Each structure stands twice: as structure tokens, then as C-alpha cells.
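Chain by chain, the residues run as shown.
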Amino acid sequence: MTKGLKWAADLVLYLCALFFLFPIYWMITGSFKSQSMAVQIPPELFPSAPTTANYTKLFAESEVVRWLLNSVLIAGGSTLLACIVATMAGYAFTKHRFTGQAVLFGLVIVTMMIPRQLGLVPLFTLMKNLHLVNNGWSVILPVMALPFAAFLMKQFSQTVPNELLEAGKIDGCSEIALFTKLFLPVVKPGIGALAIFVFSFSWNDYLWQLIMLSDESKMTINVGISTLVSEFSANYGAQMAAATMGFIPIFVVFIAFQRYFVKGITVGSVKG
Amino acid sequence: MPGGAFSAAADFLRQVHEESWDKIMASRAYREFWGFFFILPFLLVFAAFEIYPFLDAIYLSLFDYGIGRKEWIGFGNYSHLLGDDVFLKSIRNTFLLVLGVVPLSVGFSLAAASIVIHKSAAVASFFRASFYLPIVTSQVILSIAWLWIYNPMTGVANYGLSLFGIEPVMWLSDSSVTLVAVIIVVITWCVGQPFILYLAGLGGIPSSYYEAASIDGASPWRKFWSITLPLLKPTTLYVVVTTTIGAFQTFVVIQLLTGGGPNYSTTTIMYMLYETAFKYGNLGLASAMGVLLAVLISIFSLIQFKFFRSDVEY
């Protein structure tokens, strides 16, 4: 490749990165623009007279704090429970033998390929019969059943040497101790990657949350924000403030655990 | 006396425990017990919230099922859907969306990764974060930002075009451009994962392959076609299949940006399914849509598996 072509390719790449980041930049800066500044043409690339009025309005007129709390509880609860369930499953799949093991793992693989939305209607009816409409459990339980989580933990569990567990058995460890004292410490990094995956999955599981959580006080942040689009219609600054409030927590998680994000993506696919 | 019965049972168990502990340990039942002990939590939730809904959806699709009615109609829902213009349009829109999103985002990811792999770790890290951030940011939040960007009067998209002397575009209300507007948005959250995977895949190709090719006088393009692409085939398969599955289920951006309109020009199968079930209460019909969607996705995935299967072994 010639030097000029290389330079042009680099330029295009950086422009694309800016294009991808632009909506986020526009949202954050827009949240500090007053209603008249937000609709002014030409628009200001950076608010010249930033205001926090949008945030004041947001906190006064919506339950955004409640929604954030709901999201944290639901995503956190889903993560904790899904990690326990999937880690046990990964252990059972790789370090134990039970009847129907191969069939069950086959089902896990098959269901990973089926769109979850196929089961939307029956799942809705099921939750209604369990009286879990407008209840956080209705969105936590399906996340615990994610086949990808079990698959991911099976991949990680395979890397734990069998010799380690055999040595533990000879030393007289109980089955529970083998799992908690020997197995868990070794798969810890894998659980970290899974936790990040489940947390962001649950945080963004919008469609299902929209169906199950219609009560304003029960909504998660994404569902809540989406209702503000019509409530704050044409008030773009206030809409952006709401969106920014939803962005910050997950952004913090992303920055703090970026390593695990990448690991979760790569382990789940090519190296599997 | 419950207390007495309890201690008797405990004595018996202790006896069993002491006398044939080794035998029990080695027995099949013991192994089965612990295997099931660890799989049980997953088995329960997986059966109840994954397998059962899938099977029940297929069953329900054979009923005229809604609030206060449930009547067996065989394949009635399916024949209704295949004769429904709006549903056929939603299939067409979904196909166009998939055909627009998948090649563009996968092609772009591969090109970007091929450039970034030669850069320093810090630059690679910048691009990984830039391309992955839109995925983290949730489709709801991005859609709301785009709703403003696309506003024909006050949005920055038309302002940007006006700098080049281009007339304002009615991004979300002119049915000839709405699907393009939707595709642009969807691509921004479809690039992050393929990019990271391609970067990892490219990093795994031994540089000796390229050096050997250089000695043989191979051009950069030749190296790309004969070394890089074949070796990345497993990554490409995974990326194409998962991006296709994701694009087939596009929902959020439709709900927030266009509501399926104008004139059903952006109604996807998923959006129509949602409206049919949860707005109009036709649960049986919606289940049939879900089944058809799953069938379409399976067909696409199978074709892709056939096409991209790594038949080249190194």
C-alpha cells in the first residue's frame, strides 16, 4: 500500500470513530443546553452557557432515581444469581457425569441460536400466572436461564485441571468443598467476565422489561427514560439529561471492567 | 413422636454412612446425585424460562388466542400471516435491514481491525473503546439521541448536510429514507463486537506466515486474500451469524424512532410481533410470528454455516 493511501485509510478510520462517539457526545453536551439553545440553528458544538435546568426538571418531574435504583437492583440481582447458577452448571458439565448431560448441553447450544423473542408470549403468560407482573423477579428469572451464561462457564471450567480436584478428593474434601475451595478460586476470572456480560445484558434487556414493568415506580432506567420521550416531547435538553443519567452508571462499569468485557466477548466465540 | 422418629432416622443414616461409605462413594447413584446437585438450579430455570416458552410458543401459534378466547385453528395463523400485506412488508423490511447492516458492519469491522492491528496498544485500545461504547450505551439511550439528531428542523444531521448545500432530509417521515436512517443507527451498535473479535483473530495469526509470503513476493492484497481471510473464517462465521441474529430482532430503534412508520416502511417482524401481542392482544398470531422469525433466522444461519465453514485446514 502506498503511503498516501495508508494515511487516507487512517483518516477515515478516525472519522468513523468520531461518528460512533458523536451521538454520545451530542447527548451529554445537549443535556446542558437550555430549551432555546437546544433547537438553535446553527447548533453550538459546545454549550456556551451551560445550564443544569434540565437535570433539575428531570429530578423534579420523573422518578429517575427510583428507576436507577431498580435497574441496579435488578441487574445486580440477575448478575449474582446467574453467576451462581451458571458456575454450578459449568462445574457439573465438565467435572461431573450425570444422565442426560450431553442432551442438556446440546439443548443449551440449540437455544443459544434461537431468538429469545420466540418465547415472549408464553413467558408473559407464565409471569402473569405467577403474579410477577410489575415485579423485578419477572425480569431476573429469565436472565438466570441464559444459555450463553452456562456455555461460557463450561468453557472456563474446562481450563480447570482435573488433577486439582482429584488431589482434593484424596485429601478428603467434601463435594461442596471441592467446588467452593478448589474450583471457584481457579475460575474466578471467568466469573468476572460472565458477571460483566450478565450485568450489561440485564441492564439493556429493554423489550422484556417494557412488557413486564408498566408501573412507573417499578420501571428500570431504560424503560423509564423511554416514557420521557413523549412526556418531554420537543424538550430535547431534558430528554438528553434523562439519557445521560442512564448512560453514566453503565459507562462507569464499562471503564472499570473494560478488560473483562473484551475477555467475555472473545472467550465466548473463537477460542471456544 | 416426631422428635423420636427423627433421631431414629438419623441413627439409621449414620449406620449406613459408617458401614458402606466407600461403597456409596463409588456408586453410580452417588455420582449422579452430585452431578444433579450442581446442575439442578440451572436445569430448573432453563426448563421453566427457556425451553418451556419456546415449546409453548409453537403450540400457541396453532390457536386463535387472546384475552378471553382460545380456539384451535391449526395453521390458521400462518395462512393469515402469509396473506397479510403488512406482515409481508415487515419481512421485506427486516430482510433489507439485515442486508444493509450485516455486510456493512462486518466488512467495516474487518477493514478497521486490519488497520488497527498494526497500531500501538494505546491506539488499539482507543478504537476498541470507541466502537464498543455504543453497545454498552444501550439502544434506548442512543435511539433517543438519534431522535434529536434526525429532527428535520432542529437536528444536527440536516444542519451538517446544509453545510454541503444539501436540502433537508425528512429522516423519519419520508418513507424512502427511513429504513436508511434506521440502518445507520443500527450499524453504530453492530461494529464493536466484530471489531474486537477480528482484532483478537488477527493477533492470533503467526507473523511467520506473512514473512514467508513476502519472501515469495506476494502483494499485500494477495496476503490478505490467501492468508488473512481464510484464517479468519471461524471468526467471520461467528460474527456474521450473531450480527444477523441481532439484526433480525431489531426492535428498540423502531419503537423509539419511527413506531414502524411511515406507512409501515420500517415495521420489522419483531416490532409487529410486539404490537400484535401487547397492543392488540392477539397472542396466538404473535406466537406464529415468533415461530416464523425463528425459522427465518435458522435458515439464514444454516446457509451461513455452509458458506463460511472453515474447510481450509492449516
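Residues numbered from 1 in each chain as written. Chains lettered and ligands numbered in written order. Predicted model: local features only at pLDDT ≥ 70, side-chain atom pairs only at ≥ 80, totals over all residues. Heavy atoms only, no water.

Student: Break down the side chain of E44 of chain A for me, citing the residues and quoting the values.
Tutor: All names here are of chain A. Tracing the backbone shows E44 in the loop between α2 (35-38) and α3 (53-61). Although E44 lies buried, it forms no salt bridge, and the closest oppositely charged side chain, K33, sits 5.7 Å away as judged by the N-O distance. Of note is the side chain of E44, whose polar atom sits 2.6 Å from the side chain of S48. With sequence-adjacent residues up to four places away left out, E44 is seen in contact with W26, K33 and M37. (Helix = DSSP H or I, 4+ residues; strand = E, 2+ residues; numbered from the N terminus. Buried < 20%, exposed > 50% of the residue type's maximum accessible area, 1.4 Å probe, protein only. Lys, Arg positive; Asp, Glu negative; His and termini not counted. Salt bridge = Lys/Arg side-chain N within 4 Å of Asp/Glu carboxyl O. Polar contact = N/O pair within 3.5 Å; in protein donor to acceptor, adjacent residues only side chain to side chain. Contact = heavy atoms within 4.5 Å.)

Student: Lay out the domain arrangement of chain B with the relevant residues and their values.
Tutor: Per the domain assignment, the segments making up chain B are domain 1 (2-42) and domain 2 (79-308). For domain 1 of chain B versus domain 2 of chain B, the distance between C-alpha centres works out to 54 Å. (Domains from an automatic or database assignment.)

Student: Which residues make up the interface of chain A and chain B, and what values do they have?
Tutor: Every contact between the two is made by 87 residues of chain A and, on the other side, 93 residues of chain B. Both faces combined, the contact of chain A with chain B buries some 8100 Å², and carbon together with sulfur accounts for 82% of it. Per-residue buried area on chain A facing chain B is highest for L13, F20 and L118 of chain A; these three make up 9% of the total on that side. On the surface where chain A and chain B come into contact, there are 2 salt bridges. Between R116 of chain A and E50 of chain B there is a salt bridge, and its shortest N-O distance comes to 3.4 Å. (Buried area = accessible area lost by both parts, 1.4 Å probe.)

Student: Give me the pairing of strand β1 (residues 63-66) of chain B: which residues, what numbers.
Tutor: Residue and element names in this part refer to chain B. Bridge analysis of β1 against strand β2 (residues 69-72) gives 4 bridges, and the strand direction is antiparallel. Residue D64 lies in a different strand from β2, and its bridge partner there is E71. Between β1 and the antiparallel strand that follows it, β2, lie 2 residues; G68 among them carries a positive phi value of about 75°. (Pairing = 2+ DSSP bridges.)

Student: Would you mind going over the packing of aromatic side chains in detail, with residue names and values included?
Tutor: What characterises a pair of aromatic rings is the spacing of the ring centres plus the angle enclosed by the ring planes. The full count for this structure, using the stated rule, is 50 aromatic pairs over all chains. Pairing F98 of chain A with F36 of chain B gives two aromatic rings, centres 5.3 Å apart and planes at 50°, and the pair type is tilted. Of the two residues, F98 of chain A sits in the loop between α4 (64-95) and α5 (101-113) while F36 of chain B sits in helix α3 (residues 28-60), which places them in two different chains. According to the relative accessible area criterion, F36 of chain B is partly exposed, its value standing at 30%. Members of the aromatic cluster, joined through ring pairs, are Y14, F19 and F20 of chain A together with F108, F126, F127, F131, W146, Y150, W171 and F195 of chain B. Sitting over the face of the ring of W26 of chain A, K33 of chain A holds its NZ or CZ atom 4.0 Å from the ring centroid. The residue whose ring lies beneath K70 of chain B is Y65 of chain B, and the NZ or CZ to ring-centre distance is 5.3 Å. (Phe/Tyr/Trp six-rings, centres within 6.5 Å; stacked < 30°, edge-to-face > 60°. Lys NZ or Arg CZ within 6 Å of the ring centre and 35° of its normal.)

Student: Please set out the pattern of salt bridges residue by residue, giving values where relevant.
Tutor: All names here are of chain B. Counted according to the given criterion, the structure contains 6 salt bridges over all chains. Between K279 and E275 there is a salt bridge, with its nearest N and O atoms 2.9 Å apart. Classification of K279 by relative accessible area gives exposed; the value is 54%.

Student: Give me the packing of helix α13 (residues 236-256) of chain A against helix α7 (residues 139-149) of chain B: which residues, what numbers.
Tutor: With their axes 9 Å apart at the nearest point, α13 of chain A and α7 of chain B run at an angle of 160° to one another. Here α13 of chain A lies roughly antiparallel to α7 of chain B, going by the angle between them. The hand of the α13 of chain A/α7 of chain B crossing is left-handed. Side by side, α13 of chain A and α7 of chain B meet where Y236, Q239, M240, A243, G246 and F247 of chain A of the first sit next to I141, I144, A145 and W148 of chain B of the second. (Axes fitted to C-alpha atoms, helices over the stretch in contact; angles between N-to-C directions. Parallel < 35°, antiparallel > 145°, perpendicular 65-115°, else oblique. Left-handed = near helix turned anticlockwise from the far one by under 90°.)

Student: Now, about helix α8 (residues 147-158) of chain A: what can you tell me, with residues and values included?
Tutor: With 12 residues, α8 of chain A extends 17 Å between its outermost C-alpha atoms, agreeing within 8% with the 16 Å of an ideal straight helix rising 1.5 Å per residue. Among the residues of α8 of chain A, P147, F148, A149, A150, F151, L152, M153, K154, Q155, F156 and S157 of chain A are the ones counted as buried. (Expected span 1.5 Å × (residues − 1).)

Student: Any chance you could break down a nonpolar patch on the surface for me, citing the residues and the numbers?
Tutor: A surface patch of nonpolar side chains, amounting to about 460 Å² of accessible area, comprises W7, L11, L15 and L18 of chain A. Checked against the element boundaries, L18 of chain A lands in helix α1 (residues 3-30). (Patch = residues over 30% accessible without salt bridge, like charges linked within 9 Å, V, L, I, M, F, W, Y side chains within 5 Å. Areas by Shrake-Rupley, 256 points an atom, 1.4 Å probe, with all protein chains shown as cover.)

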